[in-house]
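One-letter residues, chain by chain:
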Amino acid sequence: MISANLSAIFYLVSGVLFILALRGLSSPETSRQGNLFGILGMIIAVTVTFFSIGNFSSGFIYVLLFILIGGSIGAFIAYRIPMTAMPELVAGFHSLVGLAAVFVAISAFLNPAAFNLGTPGNIKLGSLIEMSIGAAIGAITFSGSVIAFLKLQGIMSGSPITFKGQHPLNALILISIVIIIYLLCSTQSSNLFWILLAVSFLIGFLLIIPIGGADMPVVISMLNSYSGWAAAGIGFTLENTALIITGALVGSSGAILSYIMCKGMNRSFFNVILGGFGATEQSASSQNKEQKPVKSGNADDAAFLMKNASSVIIVPGYGMAVAQAQHALREMVDTLKKNDIKVSYAIHPVAGRMPGHMNVLLAEANVPYDEVFELEEINNDFSNADVAFVIGANDVTNPVAKTDPQSPIFGMPILDVEKCKSVLFVKRSLSPGYAGIDNDLFYKENTLMLFADAKKMTEDITKALD
Amino acid sequence: MEIDPLIFRLSIFVLSIFIGYYVVWSVTPSLHTPLMSVTNAISSVIIVGAIIAGLSGDSETVFNTSSIFGFLAIALAAINIFGGFLVTQRMLAMYKKKKKDK
């Protein structure tokens, strides 16, 4: 058994290692080392916990057993999961953090003595407040992430679910959570503790159902943030520095990502979490459905255009992920490069279903990361490029975001593909994108629509290029 | 008058939020997905609390209601720790620079 002071120092060390783990992510070169720091921090934290309890009886065996069970499941998932399913995986993992926080809080509530928090029915006030906040946020994280997971996995429809009185109801529940916590802390009643958990599960569920599929980048980041605050809440209860530091890091990390995602859509955070976006706009688009002429082409036309180009910019979107077209895309690009055509990739901040989604898929397909550019880095290059190859993206290229103040996406930063000499759109149909608005680019003189599955079309173009 | 230890923890918390703020802004956008998976893994350091909960029983009764929740939390957090770090490692291994000799 080691002293409380010594273990606190070790927890501090592991907290610092976690900071270094995030620091490493500032560039791909240092990131792998950063991840090792993270692992080391975790090993230190777990080992110190064992030594500070100093109980190596039969319970210890069970702890190892459960770590082994969980660890094998986790490792199995980590190796088997396809990269396209990363958003679902992250949502799933968030739900587990949330649930673990809830379980730890329950355990501490039932047996406060084990945590030095007092006795059942007489838990220290401060600890009880921290515990109930941690438990409530954990429960919200859990049920919210489960809904996000179901929506991303396609088990539940990605379209927003709205009903009358939704916002007042949610507001009422959130206020009641605060009241329940207050009552719980003044009465120490265990019934109130269970009610608190039930209500928190409910609100997590209600908060996420009105949010549509394409807003998932914000939702996932937000839940990421919540899981951090839940961990911090439990950290205060357990008086554990490693947990407090980590909770704060993760909490602010998720908050920043949510902010970046909202900015990428030019929408306020509240506009996103209040939900319902996309559903209300569909009526607007169906009104002006006059037939406009569209130029559509086949793989040979596309190959011809690209072969005569000297530079091509690829704009991938969620459609590429759905069609799993990233490998086919890279093969096409390899062929283009053989013909001395300069190729780069342009990534919109909200492309895909989670922050950085496209970058991971391109990395998986062995696209060097120094050919992949963010919006600000590449947007000026479109006017000098010959061909923009838009694969599975739509709204993020829609010039209406600049021209029409009435449009729901007005003000959203877009990739200026319209400035290219010619634009190729790989799309299944003319259907409007997620925001439910028509894309003027489809009808432009220099746009060629390629109606097909993204993967098949890309493969056909590669064949036609040879 | 002595300062409540809570204030110290609060200070750590607030300063860590600031550290998180600056560190995360310096993360390159192309690594935002690994950032999410690694934050997932490290927030599972909550396993520390789960272990304390799991070992709260005495040597005769390993399992009581409180410790069972602890053991379940250990398993959940372990899924996240192993899954989170390994999937991050897998993703990061894919980020390669352009080969010069091609």
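This text gives an overview of the structure that appears in the document. (Residues numbered from 1 in each chain as written. Chains lettered and ligands numbered in written order. Predicted model: local features only at pLDDT ≥ 70, side-chain atom pairs only at ≥ 80, totals over all residues. Heavy atoms only, no water.)

**Observations concerning helix H8 (residues 216-238) of chain A**
All names here are of chain A. Over its 23 residues, H8 runs 33 Å from end to end, which matches the ideal 33 Å to within 8%, given 1.5 Å per residue. Of all the 23 residues making up H8, 21 are buried; the element is thus mostly covered by neighbouring parts of the structure. Positioned one or two residues after H8, Glu-239 has a phi angle of 55 degrees, which is positive. (Helix = DSSP H or I, 4+ residues; strand = E, 2+ residues; numbered from the N terminus. Expected span 1.5 Å × (residues − 1). Buried < 20%, exposed > 50% of the residue type's maximum accessible area, 1.4 Å probe, protein only.)

**A few points about the pattern of salt bridges**
All names here are of chain A. In the structure shown here, the tally under the stated rule is 11 salt bridges over all chains. Across the pair Asp-334 and Arg-330 runs a salt bridge, and its minimum N-O distance is 2.6 Å. Separated by 4 residues within a single helix, Asp-334 and Arg-330 lie in helix H14 (residues 326-338), roughly one turn from each other. By relative accessible area, which is 24% here, Asp-334 ends up partly exposed. A salt bridge links Lys-419 to Asp-416; the shortest N-O distance between them is 3.5 Å. Exposure remark for Asp-416: the relative accessible area of 6% places this residue in the buried category. Here the residues in one salt-bridge network are Lys-402, Asp-416 and Lys-419, joined through shared partners. (Salt bridge = Lys/Arg side-chain N within 4 Å of Asp/Glu carboxyl O.)

**Notes on the sheet that holds strand E5 (residues 372-374) of chain A**
Residues and elements named next belong to chain A. Across the sheet, which stays open at both edges, the 6 strands sit in the order E5-E4-E3-E6-E7-E8 with parallel pairing between neighbours. Looking at strand neighbours, the two that pair on one side only are E5 and strand E8 (447-451), the edges of this open sheet. Strand after strand, the sheet turns through a mean of 25 degrees between neighbouring axes, direction not considered. (Pairing = 2+ DSSP bridges. Axes fitted to C-alpha atoms, helices over the stretch in contact; angles between N-to-C directions.)

All quantities given are derived from atomic positions and should not be read as evidence of function.
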